[in-house]
Amino acid sequence: MFVGIGARIKVDDLLKGMLVQSGNDACVVLAEGLAGSEDAFVAKMNDMAPKIGLKDSHFANVTGLPDPN
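K.L.:
Now, about the packing of helix H2 (residues 24-35) against helix H3 (residues 38-48): what can you tell me, with residues and values included?
P.N.:
Where H2 contacts H3, the axes come no closer than 8 Å and their chain directions differ by 80 degrees. Classified by the interaxial angle, the pair formed by H2 and H3 is roughly perpendicular. For the pair formed by H2 and H3, the contact residues are Val28, Ala31, Glu32, Leu34 and Ala35 on the first element and Glu38, Ala40, Phe41 and Lys44 on the second. Its residues assigned to classes, the contact of H2 with H3 shows six nonpolar, no polar and three charged.

Structure, rendered in structure tokens:
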């Protein structure tokens, strides 16, 4: 989406950018808005994963891009 730093974007537009364009920047903006930081949102994802049946899953970021660890 090429979200500019400090830009004000509607949540609906961020969701469309995330889902339609696979906008990694939109994923980060949404995570920061919901949890304060990407790391905090990832922690919430990892906390929720086993509760919804993802017993062998571990998340390292909100984009789904490969992580060296």
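K.L.:
Talk me through unusual backbone geometry; I want residue IDs and the actual numbers.
P.N.:
One non-glycine residue, Ser22, lies in positive phi territory at about 55 degrees. Within the fold, Ser22 resides in the loop between helix H1 (11-20) and H2.

K.L.:
Now, about the environment of Glu38: what can you tell me, with residues and values included?
P.N.:
Mapped onto the fold, Glu38 is located in helix H3. For the pair Glu38 and Ala60, spaced 22 residues apart in the sequence, the C-alpha separation amounts to 9.5 Å. Not counting the four nearest positions on each side in its chain, Glu38 is found in contact with Val28, Ala31, Glu32, Asn61, Val62 and Thr63.

K.L.:
Describe the nonpolar core, listing the residues and the values that go with them.
P.N.:
Formed by Cys27, Ala31, Val42, Met45 and Val62, the largest nonpolar core amounts to five residues. Ignoring anything within four residues of it in the chain, the contact list for Val42 reads Phe59, Ala60, Asn61 and Val62.

K.L.:
Describe in detail the environment of Gly33, supporting the description with residues and values.
P.N.:
By the element assignment, Gly33 lies in helix H2. On the accessibility criterion, Gly33 (66% relative accessible area) is exposed. Along the chain, Gly33 and Val11 lie 22 residues apart, while their C-alpha atoms are 9.6 Å from each other.

K.L.:
Which residues make up the packing of H1 against H2, and what values do they have?
P.N.:
In contact at an axis separation of 8 Å, H1 and H2 are set at 135 degrees when each is read in the N-to-C sense. Considered as vectors, H1 and H2 are oriented oblique to each other. As H1 packs across H2, the resulting crossing turns out to be left-handed. Contact residues: Val11, Leu14, Leu15, Gly17 and Met18 in H1; Ala26, Cys27, Val29 and Leu30 in H2. Across the contact of H1 with H2, the residue classes tally to eight nonpolar, one polar and no charged.

K.L.:
Report on a nonpolar patch on the surface, specifying residues and quantitative values.
P.N.:
On the surface, a cluster of nonpolar side chains totalling about 410 Å² of accessible area is made up of Val11, Leu15, Leu19 and Val20. Relative to the assigned elements, Leu15 resides in helix H1. Residue Leu15 is classed as partly exposed on the basis of its relative accessible area of 34%.

Analysis parameters
For every chain, the first residue of the written sequence is number 1, and numbering continues from 1 onward in sequence order. Where totals are concerned, whole chains, interfaces and linings use all residues; where local detail is concerned, this predicted model gives features only for residues with pLDDT of at least 70, and gives and counts side-chain atom pairs only at 80 or more. For the side-chain quantities, the full set of heavy atoms in the structure was used; hydrogens and water were omitted. Axes, fitted as lines to C-alpha atoms, cover a helix only where it is in contact. Angles between the N-to-C directions of the axes lie from 0 to 180 degrees. What counts as a helix is a DSSP run of H or I of at least four residues, what counts as a strand is a run of E of at least two, and both are numbered from the N terminus. Every angle not falling under 35 degrees, over 145, or within 65 to 115 is termed oblique; those three ranges are roughly parallel, roughly antiparallel and roughly perpendicular. The contact definition used throughout considers only heavy atoms, calling two residues in contact when any of these lie within 4.5 Å. Think of it as three bins: nonpolar holds Ala, Val, Leu, Ile, Met, Phe, Trp, Tyr, Cys and Pro, charged holds Asp, Glu, Lys and Arg, and polar takes everything else, Gly as well. To form a nonpolar core, buried Ala, Val, Leu, Ile, Met, Phe, Trp, Tyr and Cys residues must be joined to one another through side-chain atoms within 4.5 Å. Working definition: with a 1.4 Å probe on protein chains only, accessible area under 20% of the residue-type maximum means buried, over 50% means exposed, and in between means partly exposed. With the far helix as reference, a near helix turned anticlockwise by less than a right angle produces a left-handed crossing, and one turned clockwise produces a right-handed crossing. Patches here: salt-bridge-free residues with over 30% relative accessible area, like charges joined within 9 Å, nonpolar side chains (Val, Leu, Ile, Met, Phe, Trp, Tyr) joined within 5 Å. Using a 1.4 Å probe, the Shrake-Rupley method yields the accessible areas, and only the shown protein chains count as cover for residues. By convention in these notes, a salt bridge is any Lys or Arg side-chain nitrogen within 4 Å of a carboxyl oxygen on Asp or Glu.

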